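# Close look at the chain arrangement
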Amino acid sequence: MCVGYCFSQETDRLNSYTFEADQFYGSVILHNPDISHLIKGHPAGVILAYNRKTYGLEEWQQLYNYPDLGGSFIYQNTNSSVLGEAYAVYAHFNFYFLKRNLQFRVAQGLAYMTNPYDRETNFRNNAYGTRILSSNYVMLNYHKENVYKGLGFKAGISIMHFSNANVKAPNTSTNTFAFTAGLTYTLEGKDTEYIRREKVRVTEPIKYNLIFRAGINQSDNIGHGQYPFYIFSGYADKRLGRRSAIQLGADVFFSNFLKELIEYQTIAFPENNIDPDTDFKRVGVFVGHELFINKLSIGTQLGYYVYYPFDFEGKVYNRVSLKRYFGEKVFGVVSLKSHGAAAEAVEFGIGVRL
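The present account deals with the structure reproduced in this document. (Residues numbered from 1 in each chain as written. Predicted model: local features only at pLDDT ≥ 70, side-chain atom pairs only at ≥ 80, totals over all residues. Heavy atoms only, no water.)

## Describing the packing of aromatic side chains
Evaluation of the coordinates by the stated rule reveals 21 aromatic pairs. Between Phe 177 and Phe 179 the ring centres are 5.5 Å apart and the planes differ by 85 degrees, which places this aromatic pair in the edge-to-face class. With a centroid separation of 5.4 Å and 85 degrees between ring planes, the pair formed by Phe 253 and Tyr 317 is classed as edge-to-face. Here Phe 253 is found in strand E11 (residues 244-255), whereas its partner Tyr 317 is found in strand E14 (residues 316-326), with 64 residues between them in sequence. Across the pair, Tyr 317 and Phe 253 agree in class, each one buried. What links up through ring pairs into an aromatic cluster is the set Trp 60, Tyr 64, Phe 93 and Phe 95. The ring centre of Phe 292 lies 4.0 Å from the NZ or CZ of Arg 239, which sits over that ring. Stacked on the ring of Phe 253, the Lys or Arg Arg 282 has its end atom at 5.3 Å from the ring centre. (Phe/Tyr/Trp six-rings, centres within 6.5 Å; stacked < 30°, edge-to-face > 60°. Helix = DSSP H or I, 4+ residues; strand = E, 2+ residues; numbered from the N terminus. Buried < 20%, exposed > 50% of the residue type's maximum accessible area, 1.4 Å probe, protein only. Lys NZ or Arg CZ within 6 Å of the ring centre and 35° of its normal.)

## Focus on the pairing of strand E4 (residues 85-97)
The pairing of strand E3 (residues 68-77) with E4 spans 10 bridges and is antiparallel. Bridge pairing in E4 links Ile 74 to Ala 88. With 12 bridges joining them, E4 and strand E5 (residues 102-113) adopt antiparallel strand pairing. Looking at E5, one finds that Phe 97 is bridged to Leu 102. Between E4 and the antiparallel strand that follows it, E5, lie 4 residues; Leu 98 among them carries a positive phi value of about 50 degrees. (Pairing = 2+ DSSP bridges.)

## So, the pattern of salt bridges
Tallied over the entire structure, the rule returns 14 salt bridges. As a salt-bridge pair, Glu 347 and Arg 213 come within 3.5 Å of each other at their nearest N and O atoms. Of this pair, Glu 347 sits in strand E16 (residues 342-353) while Arg 213 sits in strand E9 (residues 207-217), placing them 134 residues apart in sequence. Of the charged contacts in the structure, one is a salt bridge between Arg 353 and Asp 237, with a shortest N-O distance of 2.8 Å. Here Arg 353 is found in strand E16, whereas its partner Asp 237 is found in strand E10 (residues 227-239), with 116 residues between them in sequence. Classification of Arg 353 as buried rests on a relative accessible area of 8%. (Salt bridge = Lys/Arg side-chain N within 4 Å of Asp/Glu carboxyl O.)

## Describing the pairing of strand E12 (residues 282-293)
Bridging between E11 and E12 involves 10 bridges; their strand directions are antiparallel. If you follow Ala 245 over to E12, its bridge partner there is Glu 290. In this sheet, strand E13 (residues 296-307) lies alongside E12 in antiparallel orientation, the contact comprising 11 bridges. In the strand pairing of E13, Val 287 is matched with Leu 302.

## A few points about the nonpolar core
Among the nonpolar cores identified, the biggest contains 22 residues, and Tyr 137, Met 160 and Phe 162 are the most heavily contacted of them. For this core, the secondary structure elements donating two or more residues are strand E1 (17-28), E4, E5, strand E6 (132-148) and strand E7 (151-163). Every residue in contact with Phe 162, bar those within four places of it in the chain, is listed here: Gln 76, Ala 86, Ala 88, Tyr 90, Ala 111, Met 113, Tyr 128, Leu 133, Ser 134, Ser 135, Ser 173 and Thr 174. In terms of nonpolar packing, the next biggest core, distinct from the first, is built from 15 residues, Phe 229, Tyr 305, Phe 331 and Ala 345 among them. (Core = buried A, V, L, I, M, F, W, Y, C linked by side-chain atoms within 4.5 Å. Contact = heavy atoms within 4.5 Å.)

## Quick look at a nonpolar patch on the surface
Taken together, Phe 19, Tyr 50, Tyr 142, Val 147, Tyr 148, Leu 151, Phe 153, Leu 183, Tyr 185 and Leu 187 make up a surface patch of nonpolar side chains, about 1000 Å² in accessible area. Counting only elements with at least two residues in the nonpolar patch, the list comes to E6, E7 and strand E8 (174-186). Per-element tally for the nonpolar patch: the top contributor is E6, with 3 residues. In this structure Leu 183 comes out as partly exposed when scored by relative accessible area, which is 48%. (Patch = residues over 30% accessible without salt bridge, like charges linked within 9 Å, V, L, I, M, F, W, Y side chains within 5 Å. Areas by Shrake-Rupley, 256 points an atom, 1.4 Å probe, with all protein chains shown as cover.)

## Concerning the sheet that holds E12
The strand order E9-E10-E11-E12-E13-E14-E15-E16 describes a closed barrel built from 8 strands, whose pairing is antiparallel. Ignoring strand direction, the axes of neighbouring strands in this sheet form an average angle of 25 degrees. Judged from the 10 bridges that link them, strand E15 (residues 330-339) and E16 form a sheet pairing that is antiparallel. Bridged to Ser 338 within E16 is Ala 343. Across the face of the sheet, helix H3 (residues 257-268) comes into contact with E9, E10, E11, E12 and E16 while running at roughly 50 degrees to E11. (Axes fitted to C-alpha atoms, helices over the stretch in contact; angles between N-to-C directions.)

## Some details on unusual backbone geometry
Ala 169 connects to Pro 170 through a cis peptide bond whose omega is 0 degrees. A positive phi angle, near 65 degrees, is found at Glu 313, a position not held by glycine. Locating Glu 313 in the fold gives a position in the loop between E13 and E14. A relative accessible area of 39% places Glu 313 in the partly exposed class.

## Digging into the sheet that holds E5
An order of E1-E2-E3-E4-E5-E6-E7-E8 is seen for the 8 strands of this closed barrel, with the pairing classed as antiparallel. Each adjacent strand pair in this sheet contributes to an overall mean axis angle of 25 degrees, direction not counted. When E5 meets E6, the two strands line up antiparallel, connected through 11 bridges. Its bridge partner being in E6, Gln 103 is matched across the sheet by Asn 141.

Written as structure tokens, this is what we have:
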């Protein structure tokens, strides 16, 4: 009887869903003066989402105050004939605060743009160089579920980012700040008790990580072509507890687009006195932090080039990563490497934690 009851309760909890529909209206943020000619109207659109609730069936869920896992869709009309429209799909987490009345969403996905840059038909669009872009958004809502027969409401703000991370120029990108308001519907229409466990302290010795990353990108000069890059990284990490670890390591960059850029600048700007034999390789050291969410983790790193023969976007770089562990040692990782707000590349990698 007890086993059957527990199984039934777990099945009910696993099938607890909510659905949301929001409208938004906002403005494109002028993060770069090069896109000032594109900011003509106010973007508007809809956000549709579904969420699967968690109740503590796995230990990490209690650790993060029982977040939602979900998927969402955004339609955005930029109200600009040059930028066009965006259709995007995402995976997301919802985190809750203030007695679950404040909802914070973090989402990552892909977007389809209807009117990207074209040399002949849309040369003014220096924001999007490709139809398919990487996109992410964050949303902060006052969130009240199940006010009447499963129906609730929400209102707040969101920021939506669209960029191809220099896979192909141009890539000035856009960020939309918007006000949102909408409805939420809880499928079961009832509350369920959360499972609470005794917290277990996690301690580990220092671990050593090796990663190989690769991808394609190009310089900011339109028409200069796409080139592969390769990155070899090693770092040590130390767990600080159940949620996080700190990192210290180094990167070696083989970015082939810099070969072409060095040759171009040597010919086009002889007054800069750039040696055509300048090395395109770079070496950096970094410190970082890793936030663990079940088998996923979110990494942030801040680096500094100690070997930097060619000046490209400055000596400081940063990286944001999404990592997925497969067992105890092997992981896959997708990273965005930038210099401040200027993206250099999306990196795809595989690594081992020893």
